[in-house]
Amino acid sequence: MEERAEYRIVVRGELDDRFAFLFNGMRMERIEGTTVLRGPVLDQAQLHGFIERIEELGLELLSLEQVVQPFRSRGWAVTT
Amino acid sequence: MSPREGLASLSTMGVALRAGGTLEQPARPPSLLKTKLRPPAGREQTVPRDRLLGRLRPPAGTKLTAVAAPAGYGKTTLLGEWCELGGTEEPIAWLTIDEGDNDPVVLWSYVIAALRRAYPGLEATVSPSDVGAAHTLDAVLPDLINALTAFGTAALVLDDFHRLSSGPGRDSLAWFIDRVSSSFQLVISTRNEPGLPLGALRAHGQLLELRAAQLAFTPAEADALLNDRLRLNLEPSDVKALVDRTEGWPAGIYLAALSLQASDDRHEFVSKFSGENRHVVDFLVDEVLNAHDPETQTLMLRSSVLGRMCGSLCDAVLEQRGSADRLLELSRTNLFLVPLDDRREWFRFHQLFAQLLRVELEQREPGLAPVLHRRALLWHRAHGTAEEAVEHALASEPASRGGRGRRTSVLSERELVVLRMLRGPLSERDIGRELSLSHNTIHSHTRSIYRKLGASSRAEAVERARAAGLV
């Protein structure tokens, strides 16, 4: 079973849990005027979809990082 | 072929003329095409932003004006106003970009149509669909550039420029910008940094930019909106509090205004609003919704899954009657509902607002969205508007499917043609030969198709397309 990558995305402003459905059910935590989204991401296409959602909502993206590395087999394909 | 008929078979001409066979192409409803070529109608409630309009007259030598800011900053509204001001004496051409314009034949056919609409005397004679994508740079653009030089002063707005992804369409535009004469003013509005060589333009002083910092509302502009237009009778300190809290973000200020309209104690509302850590959108959508009667709320929430909408489509999706009147009424009081034609038959929600409504819909009626998509799909199929049927087909599978992440962006007509051919035995190179497109173009379409369908192989793409009723 391949382990997926996990990403941590922080946006400015506190958002209610109901916004999680736009981000495929990522966990949401509100910390001091920001919202931290954290969860597994299927692949780069999905990640870019999330970024687009953030752009569509006019949210300010503060940070985005991969916090859990996926299992990678040999090869250079960018999947996540 | 009259210009009108020519426009109607825009995307098919390049393919049909070369391939020589019959290709079933979904007919584009005429109103869709018209709306690409005109700015949104001016609305009474919008505030004329003279300080910004003045800046849209660029200094000599400016090759490109870029209005670059996130969603909800009023880019389209501003440029629409600018267009309207030009009127008949100094007309300005308009084109709203969508994903279909990534194909250079489609893009330049529309650009030429937009320019001809504003400048009937323009003598651009090379038709993109006649020569095909491969000859954009050596036949279509040189002819157009010469025609524009001969014509004199002209201006073109490309709205929603961010919908052009990397590829031949955007590249051809970069080529054009580099070579067109300085009497031509190109203005683009975009949500992100456009993939054009802005660095070089900036360095040479050939770029004019209006960004979020300039587009944000000043307290004076907020006052004009809130007190002059909407007659909310707010104290200056309250206006300032709203501007501070939203940092001048126009969509945020307008959402606050909509909430305030229904509010009994406006000062109290502003205090509460200012004190919140919650993001503006999170706080306000509830307020805006609850200000309406239940039927209108249902209409707003359920139609949020639609792209463009008319009364009949909403009736089908809601399984109710009376949507046409409600849409008309709502559009009078809510700037986020944008009329798409003069007859006020078609509308769409501002994308930001639609997104917020969708979140709220999922909250109030979890799992209903796919059902609504299915109803919309059936309506579109019955009315022959295939492109939108495709979008709803993709979205009508329940989210719990557990498959790969999938963006519900619609496949362009050209992508649909390629997808159909991917079912067969031809290699990408041979498909290219069949369609008179380069191998690179086919490959780029194929990658885009995989991405949109969440597929990682040709077989998977075809399978998913079949499951979604696309082929």
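Shown above is the structure to which this text applies.
In this text the structure is predicted, and so the values were computed from the model without any measurement.

A. Fine view of the overall build of chain A. Across its full length, chain A holds one helix and four strands. A buried classification covers 26% of the 80 residues belonging to chain A. Within chain A, contacts between residues at least 6 apart in sequence are counted, and of these 67% link residues at least 24 apart.

B. View of the overall build of chain B. Looking only at helices and strands, chain B features 26 helices and eight strands. The 471 residues of chain B split such that 45% are buried. Within chain B, counting contacts between residues at least 6 apart in sequence, those at least 24 apart form 69% of the total.

C. How the structure looks around the sheet that holds strand 4 (residues 61-68) of chain A. All names here are of chain A. With respect to topology, four strands assemble into an open sheet ordered 2-3-1-4, the strand pairing being antiparallel. The open sheet is flanked by strand 2 (27-31) and strand 4, the only strands paired with a single partner. Ignoring which end each strand starts from, the neighbouring axes of this sheet average 20° apart. In terms of strand pairing, strand 1 (residues 5-12) meets strand 4 through six bridges, oriented antiparallel.

D. Structural context of the interface of chain B and chain A. In this assembly, 24 residues from chain B lie in contact with 19 residues from chain A. For the side of chain B that touches chain A, the secondary-structure elements that each account for two or more residues are helix 16 (280-290) and helix 20 (351-364) of chain B. Tallied by class, residues from the side of chain B that touches chain A come to eight nonpolar, nine polar and seven charged.

E. Geometry of the environment of Ile92 of chain B. Residues and elements named next belong to chain B. Along the chain, Ile92 turns up in the loop between helix 5 (75-86) and strand 2 (93-96). Residues Ile92 and Leu115, spaced 23 residues apart in sequence, show a C-alpha to C-alpha distance of 8.2 Å. Beyond its immediate chain neighbours, meaning those up to four positions away, Ile92 contacts Trp82, Cys83, Gly86, Ala118, Ala155 and Val157.

F. Summary view of the packing of helix 17 (residues 294-303) of chain B against helix 20 of chain B. Residues and elements named next belong to chain B. Their axes nearest at 8 Å, the elements helix 17 and helix 20 cross at an angle of 110°. Classed by the angle they form, the pair helix 17 and helix 20 counts as roughly perpendicular. Packed against helix 17, whose contacting residues are Met300, Leu301 and Arg302, the element helix 20 presents Leu357, Glu360, Leu361 and Arg364 at the interface. Along the lines of polarity and charge, the residues of the contact of helix 17 with helix 20 split into four nonpolar, no polar and three charged.

G. Representation of the sheet that holds strand 8 (residues 346-349) of chain B. Residues and elements named next belong to chain B. Strands sit in the order 6-8-7 across an open sheet of three strands; the sheet is antiparallel. Among the strands making up the open sheet, the edge pair consists of strand 6 (308-310) and strand 7 (337-339). Within this sheet the neighbouring strands show an average axis-to-axis angle of 40°, counted without direction. Looking at chain direction, strand 6 and strand 8 are connected through three bridges and run antiparallel. Across the sheet, residue Arg308 finds its bridge partner in strand 8, namely Arg348.

H. A look at helix 14 (residues 250-261) of chain B. All names here are of chain B. Taking 1.5 Å of rise per residue, the 12 residues of helix 14 would be expected to cover 16 Å, and the 16 Å separating its terminal C-alpha atoms lies within 8% of that figure. Counting buried positions over the 12 residues of helix 14 gives 11, a clear majority of the element. Contacts from the buried residues of helix 14 go to helix 12 (219-229), helix 13 (236-246), helix 15 (266-275), helix 16 and helix 20.

I. Quick peek at the pairing of strand 3 (residues 34-41) of chain A. Residues and elements named next belong to chain A. As paired strands, strand 1 and strand 3 are joined by eight bridges and run antiparallel to one another. Bridge assignment links Arg8 to a residue of strand 3, and that residue is Arg38. Pairing of strand 2 with strand 3 involves five bridges; the strand directions are antiparallel. In the sheet register, Arg30 faces strand 3, and the bridge partner there is Thr35.

J. Seen up close, the nonpolar core. Within the largest apolar cluster, 139 residues are counted, with the highest numbers of intra-cluster contacts made by Leu95, Leu156 and Ile253 of chain B. Residue contributions to this core peak at nine residues, all from helix 6 (residues 104-118) of chain B.

The rules we used
Residues numbered from 1 in each chain as written. Chains lettered and ligands numbered in written order. Predicted model: local features only at pLDDT ≥ 70, side-chain atom pairs only at ≥ 80, totals over all residues. Helix = DSSP H or I, 4+ residues; strand = E, 2+ residues; numbered from the N terminus. Buried ≥ 20, exposed ≤ 12 C-beta atoms within 10 Å, placed from the backbone. Contact = placed C-beta atoms within 7 Å. Pairing = 2+ DSSP bridges. Axes fitted to C-alpha atoms, helices over the stretch in contact; angles between N-to-C directions. Nonpolar A, V, L, I, M, F, W, Y, C, P; charged D, E, K, R; others polar. Parallel < 35°, antiparallel > 145°, perpendicular 65-115°, else oblique. Expected span 1.5 Å × (residues − 1). Core = buried A, V, L, I, M, F, W, Y, C linked by C-beta atoms within 7 Å.

Any functional reading would require information that these geometric values do not contain.
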